[in-house]
Structures are given as structure tokens and as C-alpha cells.
Amino acid sequence: MIRIFGKNIRGNEKEILPRTGSMIESPGFYPNLTGTENLRIFASLRGLKDPARIKNALELVNLPYKDKKLFSQYSLGMKQRLAIALAVMHDPELLILDEPTNGLDPIGIAEVRDFIRELCDSRGKTILISSHILSEISLLADDIGIIDHGRLLEEESMEELERKNARFIHFGVTNAQKAGEILGSRFRCRQFQLADAGNLYLYDTSQPVEKINQAFVEAGIGVREAHLCEDTLEDYFKRITGGEGIA
């Protein structure tokens, strides 16, 4: 069951949907119409009579009002901006955005990031973002949920994630399997991961790195590197979902 605004969405669509805006991957715009003309059609369907709604939505995403360029002539980034304008045109309380920065150049990504934060911080909007660009999510989100194969594996605040997922020691070795056995038997350590045959990640940073290195060398394990690192959100996603490696 899906609940929005505390109500089951089934049977309450007429109450919930006008309060919700969404941006899907391929919105159904007419290629032979301009951006403004496309938004006018949607405004009419939604009963929005004030033309300022269209103008304000286009200005928000830095698209011109009453431009003569057809949608078919838009770049991928411009199409993405128009889709976001459509999502916010009726001033919804909840915004659901699917890959909102897809197709944008670095300047466009920064602009979208800024107005998403503006909508949330200054206008009080609740925004749900689905994205594979985890570096952007780490800059935007207050709370995150990690979904893998349709299952919600983890849900927490970014603040809690940063506390829990701060640092680890990366060992580059010639035999990670044997190195892991030494960590377990000699140092009674269980907080580590074998990324592959030559890389090991130790999450208990209180362990004596010098003694561990010495133990590895004495056991005939070559040590290429041993240094302190910090997990990114991409690293954490890989670790939680069981992806290959975390670096």
C-alpha cells in the first residue's frame, strides 16, 4: 500500500494528485510545439488559468517564455528543464523527480541543484529524488534510501550515514585472502572487507597499522599501500548492495 499525505493513494487520487508534481524519464511533450505551448496544454488540463504559472515555472528552470523554438529542437538538457517546469507549474507540496540532472552540463546541474534546495528550504516543498548520480544525492539529500532489486536495504539521514560511514584503511597487498586471515587470527578483527585478490578494507581505524603491516610482511605478504580513506556515497552503495569493491 502506498500512502501519501497520510492517506492510501487508491481511492484518494483526486485529493492527492493535485498536491503532487512528478518528473518522469520521458514526459509526453508535443515535438511540433514550443515549450510554452506545451505547458499551456497541461495548464489547461489541470485547470490553471493564470498564465503567470507558466512564466514562473519556465523562469525557475531558466527557459525563455514565449520562445519560438520547437520542443523537437530542444537539447536533452532543455527537455529536462521543461519537464521540471511542468512538475512545479501547479505549485505542488510534494515533488517526485526521476533523474532531474540527467543530460545537463555542469552549470545546468548546479542550477538545478540550487533551485531544488530553494524549493525545499525556502518554499517548504518535500522532494523525493530517484537518481543513480550518487555524488549529486550526497550534495542534495537530507535523508536517503538505498534500493537494490526492488528492496529497500537502508534508510537513514545523511548525517547518520556520515557518522557511521566515515573512515577506513585501504591495504593494497599481494594476497588479500591471507591478509584477512591474519587480521582475524592475530588482531581479532572482523570489521574488514576483501574487495578483490589484492585489496582489503579495514573499518576499525583504531587498529595499529604499523603492526599490521609488519605482520603481513612477516607472513610473506607484499604491501603496496596502506592509507586512511573516507567512503563516498558510491562506496557505501556498493558495500550495502554487495557490489564489486568499494573504491
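Everything that follows concerns the structure shown earlier in this document.
This report concerns the structure included in the present document. Since we're looking at a predicted model, the values are computed, not measured. (Residues numbered from 1 in each chain as written. Predicted model: local features only at pLDDT ≥ 70, side-chain atom pairs only at ≥ 80, totals over all residues. Heavy atoms only, no water.)

### Overview of the overall build of the chain
Step number 1: Of the regular secondary structure elements, the chain holds 10 helices and 11 strands.
Step number 2: Taking 247 residues into account, the globule formula puts the C-alpha radius of gyration at 18 Å, and the chain, at 24 Å, lies well above it.
Step number 3: Oriented by its inertia axes, the alpha-carbon framework of the chain measures out at about 80 × 40 × 30 Å.
Step number 4: In the chain, buried positions account for 39% of the 247 residues.
Step number 5: Considering only residue pairs separated by 6 or more positions, the chain has 63% of its internal contacts joining residues 24 or more positions apart.
Step number 6: For the chain, the exposed area adds up to about 14300 Å²; of that, 50% sits on carbon and sulfur atoms.
Step number 7: When the 31 positive and 37 negative side-chain charges of the chain are each reduced to one mean point, those points stand 5 Å apart. (Helix = DSSP H or I, 4+ residues; strand = E, 2+ residues; numbered from the N terminus. Rg over C-alpha atoms; globule rule 2.2 N^0.38 Å. Buried < 20%, exposed > 50% of the residue type's maximum accessible area, 1.4 Å probe, protein only. Contact = heavy atoms within 4.5 Å. Areas by Shrake-Rupley, 256 points an atom, 1.4 Å probe, with all protein chains shown as cover. Lys, Arg positive; Asp, Glu negative; His and termini not counted. Charge placed at Lys NZ, Arg CZ, Asp CG, Glu CD.)

### Details of the packing of helix α2 (residues 35-45) against helix α4 (residues 76-88)
Step number 1: At a minimum axis distance of 11 Å, the contact between α2 and α4 shows a crossing angle of 30°. Relative to α4, the element α2 lies roughly parallel. The interaxial crossing formed by α2 with α4 has right-handed handedness. In this structure, α2 contributes G35, L39 and F42 to the contact, and α4 contributes L82, A85 and L86.
Step number 2: Of the residues belonging to the contact of α2 with α4, the class tally is five nonpolar, one polar and no charged. (Axes fitted to C-alpha atoms, helices over the stretch in contact; angles between N-to-C directions. Parallel < 35°, antiparallel > 145°, perpendicular 65-115°, else oblique. Left-handed = near helix turned anticlockwise from the far one by under 90°. Nonpolar A, V, L, I, M, F, W, Y, C, P; charged D, E, K, R; others polar.)

### Here we look at the nonpolar core
Step number 1: Residues F29, L39, L58, L82, M89 and F115 are the most contacted members of the largest nonpolar core, which totals 31 residues.
Step number 2: Counting only elements with at least two residues in this core, the list comes to α2, α3 (52-60), α4, β4 (94-98) and α5 (106-121).
Step number 3: When residues in this core are grouped by element, the largest group, eight residues, is from α4.
Step number 4: Once residues lying within four places of it in the same chain are set aside, the contact partners of L58 are T36, L39, L63, P64, Y65, L82 and A85.
Step number 5: Counting 15 residues, the second largest nonpolar core, distinct from the first, contains L183, F187, I212 and F216. (Core = buried A, V, L, I, M, F, W, Y, C linked by side-chain atoms within 4.5 Å.)

### Notes on the side chain of E136
Step number 1: Mapped onto the fold, E136 is located in helix α6 (residues 134-140).
Step number 2: In this structure E136 touches T101, I109 and R113, once residues within four positions along its chain are discounted.

### So, the layout of surface pockets
Take a probe with the size of a water molecule and roll it over the atoms, and the empty space left behind shows itself.
Step number 1: By volume, the largest pocket is sized at about 1100 Å³.
Step number 2: Taken together, 30 residues form the lining of the largest pocket, with L128, I129, S130, I144 and G145 sitting closest to its centre.
Step number 3: Listing elements by their share of the lining of the largest pocket, those giving two or more residues are β3 (20-23), β4, α5, β5 (126-130), α6, β6 (143-148), β7 (151-157) and α10 (233-241).
Step number 4: Looking at the lining of the largest pocket, its residues break down into 19 nonpolar, six polar and five charged.
Step number 5: There is about 240 Å³ of room inside the second largest pocket.
Step number 6: Residue lining of the second largest pocket: 14 residues in total, with T20, G21, S22, R46 and H90 positioned closest to the centre.
Step number 7: At the level of elements, β3 and α4 are the ones that each hand at least two residues to the lining of the second largest pocket.
Step number 8: Among the elements that take part in the lining of the second largest pocket, β3 stands out by supplying four residues, more than any other.
Step number 9: Partitioned by chemical class, the residues of the lining of the second largest pocket number nine nonpolar, four polar and one charged. (1 Å grid on protein atoms, 1.4 Å probe; cavity = no way out; pocket = protein on both sides within 12 Å on 5 of 7 lines; lining within 4 Å. Points joined across faces, edges and corners; volume = space filled by probe spheres on them.)

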